[in-house]
Each structure stands twice: as C-alpha cells, then as structure tokens.
Amino acid sequence: ILNQRIANPYKAGLGLAYLSDFIGKERVDSTIIDFYNVHKLEPKTKVSDFKQVLRQCADDEINWFFDEYVSTRKKIDFKIKKLKKSEDSITFTLKNKRGTNVPISLFGLQNDTVVSKYWFTNIDSSRTVTIPRNGEDQLVLNYDQMIPEFNQRDNWKTLNGFLSSNKKLKFTFF
C-alpha cells in the first residue's frame, strides 16, 4: 500500500507532463483548469469525464494515455535500429522493446542543438520510418526526457563516426 501511495501521484504527474509534451502544454493546462472549474462543487468525479474533456482538446488520438499508460504498469522502452542515410533523408527502424504502445519523440541534433523533432505512434513491436535530413549528426529518442522511459542508454544514434550507437563517451576515474 505504501508503494502505491508514493508511486501513483508520481506516475500521474509524469503522465500529464508526457501528455503535455505530446498534445501541447497549453491545451492540457487549460483542460485541467476547465475540468476543475466545471466539477469543483461535485463530491466525486468520474475518470470518464476527464477522458472526454481531454479527448475534446486533443487533435491526435490519446487512447494510449488511458489504455497503456494510466491503466497498466508496463515499462516504456524504445531503441533506434538499422540506420540508413541518403543525401536528403534518413531511414531507420524504431523498436519497441517492451510492447507498450505509446508515442515516442525523436530529436535530430546538430552540434548538440535540436534541429528537428518528430512524434511516432502505433509502434507495437517495430516500424521503419523515413524522415527528411536537416543537417542532423545525431538522432535521439526522448532527448528532453519527458517520457518516463525505462532504459535511456540506447536512445542515441550518431550519423557519422564508428561509434554510431552510443551517446557521448564518459570516462570515470577512481
């Protein structure tokens, strides 16, 4: 019981931050304020009421938030595989290592500066995607760490060099 009391508010807060990053912070914030103002005098509210209000504010499909994130304890873990570069595009495979069907953000970095951001949805096991090349020298899943992902060590792919699957090397001395 103690673990549930500690974990649930934390998971709820992370989840709302994740949803805000996906559909927009202003939308989620205004939806929560509107929901509160409408239901503040009611002794109990229903989850279905909150779902309905959130769905109305979102342009994208958000069933994943309630079906995969809120109602389960599945971990989220993605990886970039099979990278192919051309002059004008980058093709790669996104692998869902845990099977949790939630959106994942991909950032393109050039000299540690974000030059592109994409969202990918409906990745049950793996999916090959192609994005335009905008001068990126690295692709990073969940770069802003808004998604409560289980293992972030395999989220980096360098587009040039021989250590193409790792983030920057870190040397630790005793």
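Residues numbered from 1 in each chain as written. Predicted model: local features only at pLDDT ≥ 70, side-chain atom pairs only at ≥ 80, totals over all residues. Heavy atoms only, no water.

(A) Focus on the packing of helix α2 (residues 25-39) against helix α3 (residues 47-57). Following both chains from N to C, one finds α2 and α3 inclined at 140°, their axes separated by 10 Å at the closest point. One way to sum up the angle between α2 and α3 is to call them oblique. Crossing handedness for the pair α2 and α3: right-handed. For the pair α2 and α3, contact is made by R27, T31, I32, F35 and H39 and by D49, F50, V53, L54 and C57, respectively. Looking at side-chain class alone, the contact of α2 with α3 contains six nonpolar, two polar and two charged residues. (Axes fitted to C-alpha atoms, helices over the stretch in contact; angles between N-to-C directions. Helix = DSSP H or I, 4+ residues; strand = E, 2+ residues; numbered from the N terminus. Parallel < 35°, antiparallel > 145°, perpendicular 65-115°, else oblique. Left-handed = near helix turned anticlockwise from the far one by under 90°. Contact = heavy atoms within 4.5 Å. Nonpolar A, V, L, I, M, F, W, Y, C, P; charged D, E, K, R; others polar.)

(B) Quick peek at the sheet that holds strand β4 (residues 113-120). One open sheet accounts for four strands, arranged β4-β3-β6-β7; its pairing is antiparallel. Each edge of the open sheet is held by one strand with a lone partner, namely β4 and β7 (156-158). Each strand of the sheet is rotated relative to its neighbour by a mean of 20°, with strand direction disregarded. Of the strand pairs in this sheet, strand β3 (residues 104-110) and strand β6 (residues 138-141) are connected by four bridges, and their pairing is antiparallel. For L106, the partnering residue across the bridge sits in β6 and is L141. (Pairing = 2+ DSSP bridges.)

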